[in-house]
Amino acid sequence: MEFNKHLADIKSYEAGKPIELVVREFGIDPKDIVKLASNENPFGCSQKVQDAVSSIVKNMALYPDDSMLKLKNALAKKYDIETKNIIIGSGSDQVIEFLIHAKAVENATVLMNSVTFAMYEIYAKQVGAKIVRTASQEHNMDEFYELYKEHKPSVIFICTPNNPTGDAIDAQALKEFIAKIDDDTLVVIDGAYMEYAIGKDKSKKITPKEVLEGFNNTIYLGTFSKAYGLGGMRVGYGIASEPIIEALYKLRPPFNITTLSLEAASVALDDEAFVEMSIENNFKEMKRYEEFARTHSLKIIESYTNFVTLCLNEGQNSSLLADSLLKKGMIVRNLSGYGLNAIRVTIGTPSQNDRFFELTSQLL
Ligand SMILES: *Cc1c(COP(=O)(O)O)cnc(C)c1O
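Presented here is an overview of the structure given in this document.

Rules behind the numbers
- Counting from 1, residues in each chain are numbered in the order their sequence is written.
- Given that the model is predicted, a residue must reach a pLDDT of at least 70 before its local features are reported, and side-chain atom pairs must reach 80 or more before they are shown or counted; all residues, however, enter totals for whole chains, interfaces and linings.
- With hydrogens and water set aside, each side-chain value is computed from the structure's full complement of heavy atoms.
- Should a side-chain nitrogen of Lys or Arg be within 4 Å of a carboxyl oxygen of Asp or Glu, the pair is scored as a salt bridge.
- Elements are defined by DSSP. Helices are runs of H or I of four residues or more, strands are runs of E of two residues or more, and each kind is numbered from the N terminus.
- Partly exposed describes any residue whose relative accessible area lies between the buried limit of under 20% and the exposed limit of over 50%, with all areas from a 1.4 Å probe on protein chains only and scaled to the type maximum.
- Strands pair, by our definition, only if DSSP identifies at least two bridges between them.
- Any two of the Phe, Tyr and Trp rings considered here, Trp counted by its six-membered ring, make a pair once their centres fall within 6.5 Å; the pair's planes then place it as stacked at under 30 degrees, edge-to-face at over 60, or tilted in between.
- Put simply, a residue is near a molecule or strand once any heavy atom of it comes within 4 Å of that molecule or strand.
- We define a polar contact as two N or O atoms separated by no more than 3.5 Å, with the added condition that, inside protein, one atom must be a possible hydrogen donor and the other a possible acceptor, whereas residues neighbouring each other in sequence contribute only through side-chain atom pairs.
- In this description, accessible areas are obtained by the Shrake-Rupley approach with a 1.4 Å probe, and a residue is regarded as covered only by the protein chains that are shown.

In the structure shown here, the tally under the stated rule is 21 salt bridges. In this structure, the salt-bridge partner of Arg294 is Glu291, at a minimum N-O distance of 3.0 Å. Of this pair, Arg294 and Glu291 both sit in helix H12 (residues 272-295), three residues apart, which is roughly one turn of the helix. For Glu291, a relative accessible area of 42% gives the class partly exposed. Salt bridges linked by common partners bring Asp9, Glu121, Lys125 and Arg133 together as one network.

A word on the sheet that holds strand S12 (residues 333-334). Pairing is antiparallel in the open sheet, where four strands are placed in the order S9-S10-S13-S12. With partners counted over all chains shown, the strands left at the sheet margins are strand S9 (299-300) and S12, one partner each. Examined bridge by bridge, S12 and strand S13 (residues 342-346) share two bridges and lie antiparallel to one another. Bridging from a neighbouring strand, Asn334 pairs with Ile343 of S13.

In this description, a pair of aromatic rings is defined by centroid distance and the angle of the planes. The full count for this structure, using the stated rule, is 15 aromatic pairs. With 6.5 Å between their ring centres and 65° between their planes, Tyr79 and Tyr220 make a pair best called edge-to-face. One end of the pair, Tyr79, is in helix H3 (residues 69-79); the other, Tyr220, is in strand S7 (residues 218-223), and 141 residues separate them in sequence. In terms of burial, Tyr79 and Tyr220 fall into one category: buried. For the pair Phe224 and Tyr228, a centre-to-centre distance of 5.2 Å together with 55° between the ring planes defines the contact as tilted. Considered together, Phe224 and Tyr228 belong to a single accessibility category, that of buried residues.

Moving on: the site of the ligand. Not every one of the 13 residues close to the ligand is listed here, only the nearest: Asp190, Thr223, Ser225, Lys226 and Arg234. Between a nitrogen atom of the ligand and a side-chain N or O atom of Asp190, the distance comes to 2.6 Å. Within the side chain of Ser225, one N or O atom sits 2.6 Å away from an oxygen atom of the ligand. Coverage of the ligand by the protein amounts to 94% of the 380 Å² it exposes when considered alone.

This is the structure in C-alpha cells:
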C-alpha cells in the first residue's frame with residue numbers, strides 16, 4: 001500500500017520505556033523499577049488533584065465542557081492574561097501539531113536547534129516541510145538569526161530550557177531576537193520546563209504576558225506533564241495573539257481534553273505549594289548529580305530543568321550503559337539517537353537518585 005510520501009522520511013517517536021515493559025521483558029518486580037527517563041515528577045501529583053479527580057470519576061457519561069473555561073480561567077488568572085488568548089491541547093504536543101499544520105506547508109522551512117525536542121521534526125516532516133538546524137549544541141541566537149535571514153522559515157522553534165540538554169536562553173537575548181523576526185514567521189517558545197528555570201535563575205524567565213504584549217507572531221507553550229506531575233493526564237496549552245489561536249482552533253478535534261484531565265489541570269494550578277516543593281527537591285538533588293559527575297569525571301551540562309545530561313568519556317558507551325541500567329530496573333534515556341554519547345536522567349526522589357548513583361558507579 002502506498003502512503004502519504006512525506007511519511008517515508010519519518011522515524012516514529014520513541015518514548016521513554018514504560019515500567020510495564022521492563023516488568024515484561026526482564027521479569028523485575030514493579031516496586032524495584034525506577035523510571036528516570038521521561039522527566040515526570042517523581043512525587044506524583046498534588047493530593048488536591050487526586051481528591052478532585054476521584055470525586056468526578058463517577059460521572060463519565062457526559063462529554064467534557066468543550067469551552068474548557070474552568071481551566072482557561074485558571075490559566076488566565078495565573079498568567080494575568082485573557083482566555084481568548086489560550087488554546088488547550090492533549091499535551092503541548094498537540095498544540096505543536098496544530099501549529100505546524102496551521103503554518104508550515106510542503107517545502108516550507110522550519111528552523112530549530114541542532115539538538116532539541118524530537119517532535120518538532122516529526123510534525124514538520126508530516127507536512128513535507130524542510131528542517132534547518134543550527135550548528136551549536138546550545139541555542140545561539142546569532143546563529144538562529146543568520147539562518148532566519150537565509151531561509152525565511154515559516155516556523156522557528158525555541159525550546160527554553162531545552163530538552164534533552166537542559167540549558168536555557170537568557171530571556172533578554174530571546175526577546176531581542178524575536179523583535180527582529182518578521183510578522184509572518186511563527187516563533188514558538190516551548191516552556192515545558194520553565195517552572196524549573198524560574199526556580200533556578202530569574203534571568204531565564206519569560207512569561208506568556210510578555211510574549212502577548214510584545215509579539216503578535218509568537219506562541220508560548222506550557223504543559224502540566226512536568227512540574228505539575230500530570231503526564232498521564234495529557235494537558236498542555238498555547239498562549240498567543242487571537243489570530244494565531246483562531247487558526248489553531250480550526251485544527252482542534254472536538255473534546256480533545258477529557259473531563260478528568262480538565263479537572264486535574266484546573267486544580268493543579270491551585271496547589272503551588274506542591275510545585276514549589278518539587279522544584280526545591282529538584283535543585284537540591286541536582287547538586288548530588290553534579291557531585292556524582294565530578295567524582296566520575298563526567299561532563300554534566302548546566303541544567304535549568306528536572307533532568308541532567310551526563311556526557312560520557314571516550315571508551316564509555318551510552319547505549320551500553322543505558323541497557324545495563326535497564327536490566328537492573330533503572331530506566332534512563334540514552335541520547336545516542338541525538339548524536340550524543342550521553343544519557344539523560346530525570347532527577348528523582350532522594351532514594352531513587354541513591355539507586356541511580358549506586359548502580360551507575362558499579363557499571364562505569
Ligand atoms: C515534555 C515536553 C513537551 C510536552 O509534553 P506534553 O506531555 O505533550 O505536554 C513539550 N516540549 C518539550 C520540550 C518537552 O520536553
